[in-house]
Amino acid sequence: NQYMILNFFFFFQAEDGIRDAQESRGLGDVYKRQVSILTMLGARYVAGIRKEVEEWEKKLNLIAEIIDEWLTCQRQWMYLENIFSAEDIQKQLPAESAKFTQVDKFWKDIMVKTAKKPIVAEACGGDDVLKKFQLNNNILDDIQKGLENYLETKRSAFPRFYFLSNDELLEILSQTRNPHAVQNHLRKCFDNINKIKFTDIE
């Protein structure tokens, strides 16, 4: 059965275990199989196996939808994981941090489970998997909105922060106890200021 042989492969990092997954030949292979199924359904001699072919059409449609949600979750998780690993951000955004912890657990659990048996058809074999990814992607969207609102309050309080990108501003805010974190961004915030010299006051 050629539709069962697609596998995931995984990237690992020492501190967290599984980092991310990619379908072994790309999502394009699922689409190719969908095209093959549609071709079969249009064939003259499909009557004897139509029921089986239609079942595979449903399975492949579900797999494609799950992988799409899976990759969306992966992209958002990888971006936000770097942000919410900072203790200062966790303290300043406790609600969003708690939500991210929930998604982080879901992500790592499903990645570990899939790594043990990386067969696409089994990993993507149920409506419950799709619903779980959709739920967690909605939570990640809420976290992203909360993060953007937080950055907007900082920019409103200090308008020169509007000259910085979100990532640049987050780099500063994630190191609130380190005044030197602003050094790399001074030129964007102030004309003719490249560096500040810090001195200890006794």
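Look up a bit, the structure's there.
First things first, this report covers the structure right here in the doc. (Residues numbered from 1 in each chain as written. Predicted model: local features only at pLDDT ≥ 70, side-chain atom pairs only at ≥ 80, totals over all residues. Heavy atoms only, no water.)

1. Overview of the environment of Asp 142
Inference 1: Along the polypeptide, Asp 142 turns up in helix H6 (residues 127-157).
Inference 2: Sequence-wise, Asp 142 and Glu 96 are 46 residues apart; in three dimensions their C-alpha atoms are separated by 8.1 Å. (Helix = DSSP H or I, 4+ residues; strand = E, 2+ residues; numbered from the N terminus.)

2. Topic: helix H4 (residues 94-116)
Inference 1: For H4, built from 23 residues, the straight-helix expectation of 33 Å at 1.5 Å per residue is met to within 8% by its first-to-last C-alpha distance of 33 Å.
Inference 2: Residues of H4 that are buried: Glu 96, Ser 97, Phe 100, Val 103, Asp 104, Phe 106, Trp 107, Ile 110, Met 111 and Thr 114. (Expected span 1.5 Å × (residues − 1). Buried < 20%, exposed > 50% of the residue type's maximum accessible area, 1.4 Å probe, protein only.)

3. Side note on the pattern of salt bridges
Side chains that differ in charge, positive against negative, can pair when their charged atoms come close.
Inference 1: Applying the stated rule across the entire model yields 5 salt bridges.
Inference 2: Among the ionic pairs, Lys 105 bridges to Asp 109, the shortest N-O distance being 2.8 Å. Highlighted residues: Lys 105 and Asp 109, both in helix H4, separated by 4 residues, approximately one helical turn.
Inference 3: Taking relative accessible area as the criterion, Lys 105 reaches 54% and is therefore assigned exposed. (Salt bridge = Lys/Arg side-chain N within 4 Å of Asp/Glu carboxyl O.)

4. Examining the packing of H4 against H6
Inference 1: Packing of H4 against H6 brings their axes to within 10 Å, and their N-to-C directions diverge by 150°. It follows that H4 is roughly antiparallel to H6 by the angle criterion. Where H4 crosses over H6, the two elements pack in a sense that is left-handed. Contact residues: H4 offers Glu 96, Lys 99, Phe 100, Gln 102, Val 103, Phe 106, Trp 107 and Ile 110, while H6 offers Val 129, Lys 132, Phe 133, Asn 136, Ile 139, Leu 140, Asp 142, Ile 143 and Gly 146.
Inference 2: Taken together, the residues of the contact of H4 with H6 break down into 10 nonpolar, 3 polar and 4 charged. (Axes fitted to C-alpha atoms, helices over the stretch in contact; angles between N-to-C directions. Parallel < 35°, antiparallel > 145°, perpendicular 65-115°, else oblique. Left-handed = near helix turned anticlockwise from the far one by under 90°. Contact = heavy atoms within 4.5 Å. Nonpolar A, V, L, I, M, F, W, Y, C, P; charged D, E, K, R; others polar.)

5. Quick notes on the packing of H6 against helix H7 (residues 166-173)
Inference 1: Remark: H6 packs on H7, axes separated minimally by 11 Å, with the N-to-C direction vectors making an angle of 75°. By the angle between their directions, the pair H6 and H7 is classed as roughly perpendicular. Judged by residue contacts, Leu 147, Tyr 150, Leu 151, Lys 154 and Arg 155 of H6 engage Asn 166, Leu 169, Leu 170 and Leu 173 from H7.
Inference 2: In the contact of H6 with H7, the residues fall into 6 nonpolar, 1 polar and 2 charged.

6. Structural notes on the packing of aromatic side chains
Aromatic rings in a pair are described by how distant their centres are and how their planes are angled relative to each other.
Inference 1: Here the structure, examined in full by the defined rule, presents 6 aromatic pairs.
Inference 2: Ring centres of Phe 158 and Phe 190 lie 6.3 Å apart, and the angle between their planes is 50°; on these two criteria the pair is classed as tilted. On the criterion of sequence distance, the pair formed by Phe 158 in the loop between H6 and H7 and Phe 190 in the segment after helix H8 (186-189) is long-range, its members being 32 residues apart.
Inference 3: Phe 190 sits in the partly exposed class, given a relative accessible area of 25%. (Phe/Tyr/Trp six-rings, centres within 6.5 Å; stacked < 30°, edge-to-face > 60°.)

7. What to know about the nonpolar core
Inference 1: If you look at the biggest cluster of nonpolar residues, it comprises 41 residues, and the most contacted ones within it are Ile 66, Trp 70, Leu 80, Phe 84, Ile 89 and Phe 133.
Inference 2: For this core, the elements supplying multiple residues, two or more each, are helix H2 (50-84), H4, helix H5 (120-123), H6 and H7.
Inference 3: In terms of residue count, the dominant contributor to this core is H2 (12 residues).
Inference 4: Apart from residues no more than four positions distant in its own chain, Ile 66 is found in contact with Cys 124, Gly 126, Val 129, Leu 130 and Phe 133. (Core = buried A, V, L, I, M, F, W, Y, C linked by side-chain atoms within 4.5 Å.)

8. Notes on a negative patch on the surface
Inference 1: On the surface, Glu 65, Asp 68, Asp 127 and Asp 128 cluster together to form a negatively charged patch.
Inference 2: Of all the secondary structure elements, the ones that give two or more residues to the negative patch are H2 and H6.
Inference 3: Mapped onto the elements of the fold, Glu 65 is located in helix H2. (Patch = residues over 30% accessible without salt bridge, like charges linked within 9 Å, V, L, I, M, F, W, Y side chains within 5 Å. Areas by Shrake-Rupley, 256 points an atom, 1.4 Å probe, with all protein chains shown as cover. Lys, Arg positive; Asp, Glu negative; His and termini not counted. Charge placed at Lys NZ, Arg CZ, Asp CG, Glu CD.)

These figures come from the coordinates and say nothing about function on their own.
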